[in-house]
Amino acid sequence: MGYTSRNNRRPYEGASKASHQYIINDPDVQVLMDRIYKPNIISSVSSDDVVIDFEPPESNPIQYVIAVDGGYTEAILAKDFPSRSIHFMQFGALYFKQKDLEEIDASPFISPEDMAKLKNIERLKLALPTKNICFKDQTSLKDSVLRAIYEFFKNNTLDEKSSLLDTLAWFVFRQYKPVPQRIVTQLNLATNPLSPEGNQVSLKLEDMDKDYTFPCPETNGRIYLTDIFRLHEVIDEELGAAGIMGYLTNVIEHLIIVHIIRSLLSQQPDKLKQIFFIKDG
C-alpha cells in the first residue's frame, strides 16, 4: 500500500503495481479483452473534411435571444446527521435583444448600464428532499419527491396565465394541433408509481382531472401528470433521490422553453421566428 508523510519529510509513495501483471496475464481477463469491441481508429480524416466556413445570411432574422439555464446544489440539514439532505434548484431565463448584444461585444468597456439591457424573465426555485427525509403529509421519500415536483410545475407560471403543468399537458397530449390531429389521447407508463408490483399503467386524457392527476387502477391514490417523467424509477428509499437531479434539471429547462413558445404562439406568433433559444447543456 502507499503512504504519505504528514510532515513532508518523506516523498509520497504510491501503491505498488507489480501484481497487476498477474491480472493482465490472467486467462479470464484475456478472454474478456478479446470479446470487447474495439472501433477502428481512422487517422486519415483531416479538419477540412469536417469543417466548413461560416457564411452569414444577408439579412439575419434573429432579433431576440432567450437563454435558459438551471443548476442545483446539495445542502445538509443537520451537521450531526450528514446523511439527511435536500437539493436546492434554481432556473432562470435570460432575455435580450440581438442589437444590445452586438453593442456590448463592440464596446471596449462594459458598463452596468449595458448589462442592465440583459433582462431576466423570472427565476424559478425548487427545494427538493433527496435523502432520509419526507414531508409530514407523505409516507416515504419517493412520495415526497414526486409531490414536490408536481407542486413546482403546478405553482409556477413565468408570469403567464397558465402554469408549467398546464403547458406539460398541452405539449404531451399535442393540444397545439387542430382537434382532428390530436391523436395522442393516452400515455403508457412502463411502471405505475403507486403500484406495489411496479405494473404498467395507461393515463387517459379523458380521466385527467382539472388538477392534472389520474386515478390509479390499483390503489385509491392519484397519479400526477409529472409522473410521466418516470423519475420514481430512480428514487431509492435508502440511497436517496440525488440520481434524478440531472434528469429533472434537463426536463425543467426544456419545459421552460416550451412554455415560452406556447405563450408566444398565443400572443405574438409572428415574433417567434425572430427569437433564438439557447439551453445550456
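Residues numbered from 1 in each chain as written. Predicted model: local features only at pLDDT ≥ 70, side-chain atom pairs only at ≥ 80, totals over all residues. Heavy atoms only, no water.

Draft legend 1. Molecular detail of the overall build of the protein. In terms of regular secondary structure, the protein is built from 7 helices and 8 strands. Computed over C-alpha atoms, the radius of gyration of the protein comes to 26 Å, more than 25% over the 19 Å expected from 2.2 N^0.38 for 281 residues, which places it beyond the range of a compact globule. In terms of its C-alpha atoms, the protein occupies a principal-axis envelope of roughly 70 × 65 × 45 Å. For the protein, buried positions account for 32% of its 281 residues. Roughly 19,300 Å² of accessible area belongs to the protein as shown, and the carbon and sulfur atoms make up 52% of that amount. One finds the centroid of the 31 positive side-chain charges in the protein at a distance of 5 Å from the centroid of its 39 negative side-chain charges. (Helix = DSSP H or I, 4+ residues; strand = E, 2+ residues; numbered from the N terminus. Rg over C-alpha atoms; globule rule 2.2 N^0.38 Å. Buried < 20%, exposed > 50% of the residue type's maximum accessible area, 1.4 Å probe, protein only. Areas by Shrake-Rupley, 256 points an atom, 1.4 Å probe, with all protein chains shown as cover. Lys, Arg positive; Asp, Glu negative; His and termini not counted. Charge placed at Lys NZ, Arg CZ, Asp CG, Glu CD.)

Draft legend 2. Structural context of the pairing of strand β1 (residues 64-78). Pairing of β1 with strand β2 (residues 81-97), which is carried by 14 bridges, proceeds in the antiparallel orientation. Of the residues in β2, the one forming a bridge with Tyr64 is Lys97. Hairpin connection, β1 to β2: the antiparallel pair is bridged by 2 residues. Bridge analysis of β1 against strand β8 (residues 275-279) gives 5 bridges, and the strand direction is parallel. Paired with Val68 across the bridge in β8 is Lys279. (Pairing = 2+ DSSP bridges.)

Draft legend 3. The arrangement of helix α5 (residues 141-155) in detail. The terminal C-alpha atoms of α5, which comprises 15 residues, lie 21 Å apart, in line with the 21 Å expected from a rise of 1.5 Å per residue. For α5, the complete set of buried residues consists of Leu141, Asp143, Ser144, Val145, Leu146, Ala148, Ile149, Tyr150, Phe152 and Phe153. (Expected span 1.5 Å × (residues − 1).)

Draft legend 4. Representation of the nonpolar core within the structure. If you look at the biggest cluster of nonpolar residues, it comprises 53 residues, and the most contacted ones within it are Leu128, Phe173, Leu225 and Ile244. For this core, the element with the most residues is helix α7 (residues 245-267), which contributes 9 residues. With sequence-adjacent residues up to four places away left out, Leu128 is seen in contact with Ile86, His87, Val145, Ala148, Ile149, Ile244, Met245 and Leu248. (Core = buried A, V, L, I, M, F, W, Y, C linked by side-chain atoms within 4.5 Å. Contact = heavy atoms within 4.5 Å.)

Draft legend 5. Looking closely at the environment of Phe173. Examined against the element boundaries, Phe173 turns out to sit in the loop between α6 (164-172) and β4 (186-189). Each C-alpha atom, one on Phe173 and one on Ile183, is 8.1 Å from the other, the two residues being 10 residues apart in sequence.

Draft legend 6. Geometry of the pattern of salt bridges. Taken as a whole and assessed by the stated rule, the structure comprises 5 salt bridges. In this structure, Asp166 engages Arg262 in a salt bridge whose closest nitrogen and oxygen atoms are separated by 2.8 Å. On the criterion of sequence distance, the pair formed by Asp166 in helix α6 and Arg262 in helix α7 is long-range, its members being 96 residues apart. Taking relative accessible area as the criterion, Asp166 reaches 18% and is therefore assigned buried. Put simply, Asp209 and Arg222 hold a salt bridge, and the shortest N to O gap is 2.4 Å. (Salt bridge = Lys/Arg side-chain N within 4 Å of Asp/Glu carboxyl O.)

Draft legend 7. Local environment of a nonpolar patch on the surface. Together, Ile42, Val45, Val50 and Val51 make up a nonpolar patch on the protein surface, roughly 410 Å² of accessible area in all. Checked against the element boundaries, Ile42 lands in the loop between α2 (27-35) and β1. (Patch = residues over 30% accessible without salt bridge, like charges linked within 9 Å, V, L, I, M, F, W, Y side chains within 5 Å.)

Purely geometric numbers; function is a separate question.
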